[in-house]
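# Structural features, examined
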Amino acid sequence: RNVGAARSGPITMQTKTITPMPATVKPGVVTGQALWDLLQHAKENEYAIPAVNVVSSCSISSCLEAAAKYGGPMIIQFSRGGGQFIAGKTANNDNDAACIAG
């Protein structure tokens, strides 16, 4: 196999690849019962929800754009330090509050 060989055509992706979301799941941050409903929906329909470890506002924007374009849910995750960075240097980090808030 020639690893450096050029592709024989453009990469194409199907849009809107998942079934409609449960009624409780709205765009934005999903918590509580809506999160449980989303996870159950993924399990029942046999699909994975990608979790992307973001490191900057650019990577957050890229994840949000991809989720909007392709119509699927996405978990945006932060490391402890990444969460604290996004929350801001002046945020109180007692008991990792800033890490979680980020």
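Structure first, text after, so check above.
Everything in this summary refers to the structure shown in the same document. If you're wondering where the values come from, they're calculated on a predicted model, not measured in any experiment.

### Topic: the environment of Ile 75
By secondary structure assignment, the location of Ile 75 is in strand E2 (residues 75-77). On the accessibility criterion, Ile 75 (39% relative accessible area) is partly exposed. Sequence separation between Ile 75 and Pro 50 is 25 residues; the distance between their C-alpha atoms is 6.0 Å. What Ile 75 contacts, discounting residues up to four positions off in sequence, is Ile 49, Pro 50, Ala 51 and Val 52.

### Here's the deal with the layout of surface pockets
Sizing a probe to match a water molecule and rolling it over the atoms shows the empty space that remains. In this model, the largest pocket occupies a volume close to 770 Å³. Lining the largest pocket are 24 residues, with Gly 28, Val 29, Val 30, Pro 73 and Met 74 positioned closest to its centre. Put simply, the parts of the chain that give the lining of the largest pocket at least two residues each are helix H1 (32-44), helix H2 (57-70) and E2. The element that contributes the greatest number of residues to the lining of the largest pocket is H2, accounting for 5 residues.

### Looking at H2
The end-to-end C-alpha separation of H2 is 20 Å, in line with the 20 Å expected for 14 residues at 1.5 Å each. Residues Ile 60, Cys 63 and Ala 67 constitute the buried set of H2. One face of H2 carries all of its buried residues, which in axial projection span an arc of 65°. In H2, the exposed positions that point more than 90 degrees away from the buried face belong to Ser 57, Cys 58, Glu 65, Ala 68 and Lys 69. Against strand E1 (51-53), E2 and helix H3 (80-87) lie the buried residues of H2. A positive phi of about 75° marks Gly 71, the residue just after H2.

### Observations regarding unusual backbone geometry
Here the phi dihedral of Glu 46 falls at roughly 55°; this positive angle occurs in a residue that is not glycine. Structurally, Glu 46 can be placed in the loop between H1 and E1. Note on Glu 46: relative accessible area 75%, which makes it exposed.

Thresholds, definitions, all that
Residues numbered from 1 in each chain as written. Predicted model: local features only at pLDDT ≥ 70, side-chain atom pairs only at ≥ 80, totals over all residues. Heavy atoms only, no water. Helix = DSSP H or I, 4+ residues; strand = E, 2+ residues; numbered from the N terminus. Buried < 20%, exposed > 50% of the residue type's maximum accessible area, 1.4 Å probe, protein only. Contact = heavy atoms within 4.5 Å. 1 Å grid on protein atoms, 1.4 Å probe; cavity = no way out; pocket = protein on both sides within 12 Å on 5 of 7 lines; lining within 4 Å. Points joined across faces, edges and corners; volume = space filled by probe spheres on them. Expected span 1.5 Å × (residues − 1). Arc of directions from axis to C-beta.

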